Amino acid sequence: GWKDSGKTFLAQRLIEYFSKKKFIVASIKHAHHDFDIDKPGTDSYLHRQAGSQQIIVSSSKRWTKIVELKEKSEKKLNELLQELDSPDIVIIEGFKDASHPKIEIIKKNSVNYLFPKIKNVLGLVTDNKINSNLPQFKRKEIDKIAEFILTKVK
């Protein structure tokens, strides 16, 4: 979906749903802008500011790897998927141009749809009736959306 259509809300609810069903869930979120996961003043931030191009922060609870791309290209979705450690299901937010199966979230009162332009949209999430043969779900029908996804994954 487009900006402010509810992608993160839906991703969060689907992650919760699949996690409660005991799936190992991973997620990948595409950002169209410069972002930081470490904050000014933290050790990892200081390492990065000093010039480290790869930073790993590790604790007994979690770890993260930060890679500064500099002049390198952004990783493709299939490359990012290879970075994951054998999840049962991956929730992907964004990556409109990638070839994975998608569910489009349509912003209320929008008439600018992606599904006519993108061939791999399998369903729509909208509170409006859209003229399409694709399956349609209301925003709050998380169980139905999740079960639809399970019928589509191999």
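Residues numbered from 1 in each chain as written. Predicted model: local features only at pLDDT ≥ 70, side-chain atom pairs only at ≥ 80, totals over all residues. Heavy atoms only, no water.

Attention shifts here to the overall build of the protein chain. Looking only at helices and strands, the protein chain has four helices and seven strands in total. N-terminal to C-terminal, the α/β element order of the protein chain is α-β-α-β-β-α-β-β-β-β-α. Summarising its shape, the C-alpha atoms of the protein chain cover approximately 55 × 35 × 25 Å along the three principal directions. Expressed as a percentage of the 154 residues in the protein chain, the buried residues total 31%. Side-chain charges of the protein chain comprise 29 positive and 20 negative groups, with the mean position of each set lying 6 Å from the other. (Helix = DSSP H or I, 4+ residues; strand = E, 2+ residues; numbered from the N terminus. Buried < 20%, exposed > 50% of the residue type's maximum accessible area, 1.4 Å probe, protein only. Lys, Arg positive; Asp, Glu negative; His and termini not counted. Charge placed at Lys NZ, Arg CZ, Asp CG, Glu CD.)

With that out of the way, let us pick up the packing of aromatic side chains. Overall, the coordinates contain four aromatic pairs when judged by the stated rule. On the numbers, 5.5 Å between centres and 85° between planes, the contact of Tyr-17 with Phe-18 is edge-to-face. Each of the two residues, Tyr-17 as well as Phe-18, counts as buried. Centroid distance Phe-137 to Phe-148: 5.2 Å. Interplanar angle 50°. Geometry classified as tilted. Of this pair, Phe-137 sits in strand E7 (residues 136–137) while Phe-148 sits in helix H4 (residues 142–152), placing them 11 residues apart in sequence. The buried category is assigned to Phe-137, whose relative accessible area is 10%. We classify Phe-148 as buried; its relative accessible area is 13%. Taken together through their ring pairs, the aromatic side chains of Tyr-17, Phe-18 and Phe-23 make up a single cluster. (Phe/Tyr/Trp six-rings, centres within 6.5 Å; stacked < 30°, edge-to-face > 60°.)

Look at Asp-4: it is not a glycine, yet its phi comes out positive at around 60°. Among the structural elements, Asp-4 can be located in the segment before helix H1 (7–20). At Phe-95, a residue that is not glycine, the phi angle is positive and equals roughly 60°. You can see Phe-95 is positioned in the loop between strand E4 (89–93) and strand E5 (102–105). Judged by relative accessible area, Phe-95 falls into the buried class, the value being 11%.

What follows deals with H1. Residues lying three or four places apart along an α-helix face the same way, a consequence of the helix completing one turn every 3.6 residues. The end-to-end C-alpha distance of H1, which contains 14 residues, comes to 20 Å, matching closely the 20 Å that a straight helix rising 1.5 Å per residue would cover. What H1 keeps buried is the set Lys-7, Leu-10, Ala-11, Leu-14, Tyr-17 and Phe-18. Within H1, the buried residues cover an arc of 130° as seen down the axis, which keeps them to one side. One or two residues past the end of H1 sits Lys-22, with phi positive at roughly 70°. (Expected span 1.5 Å × (residues − 1). Arc of directions from axis to C-beta.)

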